[in-house]
Amino acid sequence: MSIQVIHNVRVAAIADASDFALTDDAVVVIEQQNIAWVGPIHQLPDTYQHAERFDGGGGVLTPGLIDCHTHLVWAGSRANEFSMRLHGASYEEIAAAGGGILSTVKATRAASEDELFDLALVRAKALIDQGVTEIEIKSGYGLELETELKQLRVARRLGETLPLKVHTTFLAAHALPIEYKDDADGYIDYVCERMLPAALKEGLVDAVDVFCERIGFSRAQTEKVFMTAKSFNLPVKLHAEQLSDQDGAKLVADYQGLSADHLEYLSDAGIAAMAKAGTVAVLLPGAFYFLRETKYPPITQLREAGVPIAIATDANPGSSPIHQAQLMLHMACTLFRLTPEEALAGMTVNAAKALGSQTSGQIKAGMQANLALWDIHQPAELCYQFGVNPLQARWFQGRFSRPNK
Ligand code: DI6
Ligand code: FE
C-alpha cells in the first residue's frame, strides 16, 4: 500500500472559521488517496514510523483550495468592451453593438470543443498552480442545446485530464438568447423540457443554477427550473441578489439549495431562510471589484445568523476576468473585511459545503488527500499578500506535484 508521511509542517486543519487549529511540528499521513492520520509528530503511531517521508520545511499545510463558482469555459474576448467603457460608452451602447454575455455566447458557439478545451485548460492550470484542487464549472454561454453540452463536456474533460476535481453546473438559464427574444417563458420551457434532460442523460450535470435578476430570469421562471431540477434529484444553487433584491436567496433556500451566490442585495428574510436551510453564502469579491459595486453583501448579519460563508473567483469574461484564487483571499479581507480565518474557511471547508462535498475541504482522517503546502509561517500570510506565489507543493487525491512558477 502506498503511504506518504508529510512531516515538519504546521497544519491548518480548518474545521470552520472559528475552529482554526494550527498544529506545530505536525505530521499528515496519506494512504492511497486519503488522509489516514494527522497529529503532532510525537504521537505518530508506530506503524508509520518507517514509511517514506516528505519534509515540509516548516511550511503551512492547508486543505487544497476550492473554487466553488466559476464560468471557466468560454471563447472570445471582452477586452474591447472593457476598453469601450473606459472610453465612455454605456452598457446599453455596448449591448447594442453586440456586446455583453451574448457576445461571449456567439464566440463560444463558434468555437470547437477542442478550442474551448485549450482555452479553459490555461485558466484551470493557473488555478492549480495556486493550490486549487477542486472547482465548479458552469455552462451558460451556449444558450442552446449543442453548445451547452459542449461546454459541460469540456468541463468534464478538464477533470479527467488534470489533477483537479471538477463539479459541473448546468446554467442554461443565464441569459435570454436572441432566438427567444421577447419569449423568456418559452426559453425556460426549452431549458426544462429539452436541454436539462439531454445534459443529464450524458451524465454532464452535478447541479443546476439560474441567474435570477432583472436582466436575467424572474423568480417564477427560476422556480420552474428548480422544480425540474428537483424532479431529477439534482441539487440547486442560485445567482441571487447581485444587482437587485429578487427574493432569490429565500427561494433557493426553500429548495434546500447548496448555495446562494453574490448576495450584495440580500435581505434579512433571505438570511433567515439561508440559515434555516444551511444554504452557503458564496461571496464573489472579484465581481464586486470589477463591476465597481458599492453595495456590500451583509457580512455582519450573515455572520450573526451563522450562515457559512464561501469565497470564489466567479472567473468569467464579463464581470470577473480573474483566475487568481489567492487574490480572492486577499480581496475577501480587504474589500469585505472577512478575517483571514474566515477567508480561508471560505475557500476550503465552506466551499466544499457549497459543492455538497463531504470528503474535501479539511485536513482530517478519512478526507481525500487534497493538500497545499505553502512557504509561509502563518495562514494569514496567504490573505495578506498576493503576486508572490508561496505554493511549494500540492497533493491531489494523494498524488504529489509541484507548481509551475
Ligand atoms: N452574473 C455575473 O456577474 C456573470 N454572470 C452572472 O450571472 C456575468 C457573466 C458575463 O458577463 O459574461
Ligand atoms: Fe457567476
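Everything below is about the structure shown above.
Since we're looking at a predicted model, the values are computed, not measured.

Enquirer: Explain the nonpolar core to me, and be specific about the residues and the numbers.
Expert: Among the nonpolar cores identified, the biggest contains 98 residues, and Phe170, Val208, Leu263 and Met274 are the most heavily contacted of them. Residues from two domains meet in this core; each of domain 1 (3–63 + 361–401) and domain 2 (65–354) gives at least three. Formed by 16 residues, the second largest nonpolar core is a distinct cluster that contains Val11, Ile35, Leu61 and Ala369.

Enquirer: Outline the pairing of strand β14 (residues 371–374), supporting the account with residue identities and numerical values.
Expert: Across the two faces of β14 the burial is the same, with Leu371 and Leu373 and Ala372 and Trp374 all buried. Taken together, the four bridges between strand β5 (residues 60–63) and β14 define a ladder with antiparallel strand orientation. When the bridges of β14 are listed, threonine 62 appears paired with alanine 372. In this sheet, strand β15 (residues 391–396) lies alongside β14 in antiparallel orientation, the contact comprising four bridges. Pairing of leucine 373 across the sheet is with alanine 393, part of β15.

Enquirer: Tell me what's going on with the sheet that holds strand β13 (residues 309–311), and back it up with residues and numbers.
Expert: Ordered in space as β10-β11-β12-β13, the four strands form an open sheet in which the pairing is parallel. The open sheet has two edge strands, β10 (237–240) and β13, and neither has a second partner. Ignoring which end each strand starts from, the neighbouring axes of this sheet average 25° apart. Relative to β13, strand β12 (residues 280–283) is paired through three bridges, and the arrangement is parallel.

Enquirer: Lay out the site of ligand 1 with the relevant residues and their values.
Expert: Close contacts around ligand 1 come from Arg78, Ile101, Tyr141, His174, Phe211, His239, Gln242, His262, Asp314, Asn316, Gly318 and Ser319, and that covers them all. Glutamine 242 places a side-chain nitrogen or oxygen 2.9 Å from an oxygen atom of ligand 1. Here serine 319 contributes a side-chain N or O atom positioned 2.6 Å from an oxygen atom of ligand 1. Computed on the free molecule, ligand 1 has an accessible area of 320 Å², of which 93% lies beneath the protein chains in the complex. When grouped by side-chain class, the residues that make up the shell around ligand 1 number three nonpolar, seven polar and two charged.

Enquirer: Let's hear about the coordination of the iron ion (ligand 2): which residues, and what values?
Expert: Summarising the metal site, the iron ion (ligand 2) is bound by the protein donors His69 (NE2), His71 (NE2), His239 (NE2) and Asp314 (OD), whose distances to it range over 2.1 to 2.3 Å. Each donor residue of the iron ion (ligand 2) belongs to the same chain, and together they define the spacing H-x1-H-x167-H-x74-D. Here the residue histidine 69 occupies a position in the loop between β6 (65–67) and α1 (79–86), and histidine 239 occupies one in strand β10, the gap between them amounting to 170 residues. Here the two residues histidine 69 and histidine 239 agree in accessibility, since each one is buried.

Enquirer: Tell me about the sheet that holds strand β7 (residues 132–138), and please be specific about residues and values.
Expert: Strand order in the open sheet formed by four strands is β6-β7-β8-β9, with parallel pairing between adjacent strands. If you trace the sheet from one side to the other, it starts and ends with β6 and β9 (207–210), each paired once. Across this sheet, the average inter-strand angle for adjacent strands is 20°, counted without regard to direction. As defined by bridge partners, β7 adjoins strand β8 (residues 165–173) across five bridges and the pair is classed as parallel. Bridge assignment links glutamate 134 to a residue of β8, and that residue is lysine 165. Across the face of the sheet, helix α5 (residues 145–161) comes into contact with β7 and β8 while running at roughly 170° to β8.

Enquirer: Run through the packing of helix α6 (residues 184–201) against helix α7 (residues 219–231), naming residues and quoting values.
Expert: One way to put it is that α6 packs onto α7 with a least axis distance of 10 Å and a crossing angle of 10°. Classed by the angle they form, the pair α6 and α7 counts as roughly parallel. On the side of α6, the interface is formed by Ala184, Asp185, Ile188, Asp189, Cys192 and Leu196, while α7 contributes Gln221, Lys224, Val225, Thr228 and Ala229. Here the residues of the contact of α6 with α7 are counted per class, giving six nonpolar, two polar and three charged.

What counts and how
Residues numbered from 1 in each chain as written. Chains lettered and ligands numbered in written order. Predicted model: local features only at pLDDT ≥ 70, side-chain atom pairs only at ≥ 80, totals over all residues. Heavy atoms only, no water. Core = buried A, V, L, I, M, F, W, Y, C linked by side-chain atoms within 4.5 Å. Buried < 20%, exposed > 50% of the residue type's maximum accessible area, 1.4 Å probe, protein only. Domains from an automatic or database assignment. Helix = DSSP H or I, 4+ residues; strand = E, 2+ residues; numbered from the N terminus. Pairing = 2+ DSSP bridges. Axes fitted to C-alpha atoms, helices over the stretch in contact; angles between N-to-C directions. Near = heavy atom within 4 Å. Polar contact = N/O pair within 3.5 Å; in protein donor to acceptor, adjacent residues only side chain to side chain. Areas by Shrake-Rupley, 256 points an atom, 1.4 Å probe, with all protein chains shown as cover. Nonpolar A, V, L, I, M, F, W, Y, C, P; charged D, E, K, R; others polar. Donors = N, O, S within 2.8 Å, 3.2 Å for Na, K, Ca; no water. Contact = heavy atoms within 4.5 Å. Parallel < 35°, antiparallel > 145°, perpendicular 65-115°, else oblique.

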